[in-house]
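# A structural walkthrough
Below, each chain spelled out in residue letters.
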Amino acid sequence: MRDQVVVVTGASSGIGAATALAFAQAGAKVVGLGRDQARLQKMAEKLDLVLTMDVTRPESIEIAAAAVLDRYGHIDVLVNNAGVGLFVEEAETEEEALRDLMEVNFFGMRRVTRAFSASLLENKGVLVQVASVAGLRGYARHTAYCASKHALIGWSEALRAEWGPKGASVVIVCPPAIDTPFFDHAGYTDFRKDHPRLHLLSPERVAAEILDGVRHRRHRVIIGLRAKVLYTLFCVAPGMLERVRG
Ligand SMILES: NC(=O)c1ccc[n+]([C@@H]2O[C@H](COP(=O)([O-])OP(=O)(O)OC[C@H]3O[C@@H](n4cnc5c(N)ncnc54)[C@H](OP(=O)(O)O)[C@@H]3O)[C@@H](O)[C@H]2O)c1
């Protein structure tokens with residue numbers, strides 16, 4: 001990755017922070033984007049550049065993308081990672097909350113992709129879309145979140161079909177539950193209490209798999225053996241999976 005220009009959204013926390021550090025350690029010039037200035041500043045000395053950007057605000061994306069392209073001239077990798085969760089029953093999910101979630105997890109990712117797409121195409125670069133296993137199948141109390149991640153995966157698969165012949169790659173990453181403040185940020189502070197047997201993987205593990213996925217331009221990276229087995233089972237016998245759901 002030496003001297004490759006890598007842009008990571010949501011670099012102020014969790015998976016994005018770990019991924020930004022992993023690319024920096026691999027020799028890339030990493031630009032970390034996020035909203036929270038204080039959290040971003042903690043990353044500043046380890047990355048080439050940090051900039052504030054809110055994926056729900058088009059003008060903020062324009063300013064950040066212009067600053068990156070002015071400074072480096074191009075980018076090689078975009079890790080679209082910024083995302084939020086919403087974990088309540090469908091009956092309690094207000095339409096406005098669903099729209100807010102889609103604004104970040106789907107439209108936000110699309111906006112950031114479009115801001116860098118000319119550069120990625122010109123350089124035959126790599127777009128990494130941090131989706132989720134919740135984009136592959138359904139989970140209770142995840143209707144809005146699953147909808148946003150399914151939309152992201154469908155959109156990204158179609159984009160790959162357009163970009164592939166032009167030499168640019170799309171890597172779709174599907175982590176299971178990861179040990180980050182994600183559920184706390186979503187207001188689901190009892191997540192760990194509700195799932196005492198669930199082993200949370202580390203954000204560093206996701207970062208390592210993202211790096212490998214970029215190096216090998218993998219189509220889809222499902223993180224962890226449990227998630228791979230459950231997804232395979234879902235594909236071949238979805239009814240059986242209902243019985244082993246934890
Ligand atoms: N943790 C999990 O279990 C898990 C599992 C599967 C997939 N994922 C996905 O992984 C990605 C990262 O999640 P995480 O676990 O690292 O969560 P996290 O620790 O809560 O980090 C989320 C990041 O997204 C950024 N972000 C949120 N809204 C934004 C906005 N409007 N504009 C710009 N940045 C925004 C946050 O920035 P600020 O802090 O600066 O606001 C933060 O850096 C998400 O897309 C999530 O859906 C997570």
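Shown above is the structure to which this text applies.
Below: a short report on this structure. (Residues numbered from 1 in each chain as written. Predicted model: local features only at pLDDT ≥ 70, side-chain atom pairs only at ≥ 80, totals over all residues. Heavy atoms only, no water.)

### As for the sheet that holds strand E7 (residues 220-222)
Spelled out, the test is: When DSSP finds two or more bridges between a pair of strands, those strands are recorded as paired. In DSSP terms, a helix is any run of H or I states spanning at least four residues, a strand is any run of E spanning at least two, and both are numbered starting from the N terminus. Geometry is summarised by axes, namely lines fitted to C-alpha atoms with helices restricted to the contacting stretch, and by angles between N-to-C directions that run from 0 to 180 degrees. Note on contacts: a residue pair qualifies if any of its non-hydrogen atoms lie within 4.5 Å across the two residues.
Read across the open sheet, the seven strands follow the order E3-E2-E1-E4-E5-E6-E7; overall the sheet is parallel. In this open sheet, the two strands that pair with only one neighbour each are strand E3 (49-52) and E7. Taken over all neighbouring pairs, the strand axes of this sheet differ in orientation by 15° on average, direction set aside. Direction of pairing for strand E6 (residues 169-174) relative to E7: parallel, over a ladder of three bridges. Within E7, the position partnered with Cys174 by the bridge is Ile222. Across the sheet, helix H5 (residues 143-163) is in contact with strand E5 (126-130), E6 and E7; its angle to E6 comes to roughly 160°.

### What about the site of the ligand?
Our working definition: Here, proximity means that at least one heavy atom of the residue falls within 4 Å of the molecule or strand. In protein, a polar contact requires one atom able to donate a hydrogen and another able to accept it; more generally it is a pair of N or O atoms within 3.5 Å, and residues adjacent in sequence count only if both atoms are side-chain atoms. Reported accessibility uses the Shrake-Rupley method at a 1.4 Å probe radius. Residues are deemed covered only where the shown protein chains occlude them. Three classes are used: nonpolar for Ala, Val, Leu, Ile, Met, Phe, Trp, Tyr, Cys and Pro, charged for Asp, Glu, Lys and Arg, and polar for all others, with Gly counted as polar.
Surveying the vicinity of the ligand reveals 32 residues, the closest of which are Ser13, Asp36, Arg39, Tyr145 and Thr180. At 2.9 Å from a nitrogen atom of the ligand is found a main-chain nitrogen or oxygen belonging to Val55. One of the side-chain nitrogen or oxygen atoms of His185 is found 2.6 Å away from an oxygen atom of the ligand. Burial of the ligand by the protein chains amounts to 97% of its free accessible area of 900 Å². Of all the secondary-structure elements, those providing two or more residues to the shell around the ligand are helix H1 (14-25), H5 and helix H6 (182-185). Counting residues per element, the shell around the ligand draws most heavily on H6, which supplies three residues. Within the shell around the ligand, the residues separate by chemical class into 16 nonpolar, eleven polar and five charged.

### Structural notes on the pattern of salt bridges
Inclusion rule: Here, a salt bridge means any side-chain nitrogen of Lys or Arg that lies within 4 Å of a carboxyl oxygen of Asp or Glu.
Applying the stated criterion to the full structure yields twelve salt bridges. For Glu95, the salt bridge goes to Arg99, with nearest N and O atoms at 2.7 Å. Separated by four residues within a single helix, Glu95 and Arg99 lie in helix H4 (residues 95-122), roughly one turn from each other.

### Considering the side chain of Ser117
Spelled out, the test is: Summary of the burial criterion: residues with accessible area below 20% of their type's maximum are buried, those above 50% are exposed, and those between are partly exposed, where the area comes from a 1.4 Å probe applied to protein chains only.
Tracing the sequence through the fold places Ser117 in helix H4. Under the relative-accessibility criterion, Ser117 is labelled buried at 16%. There is a polar contact of 3.2 Å between the side chain of Ser117 and the backbone oxygen of Arg114.

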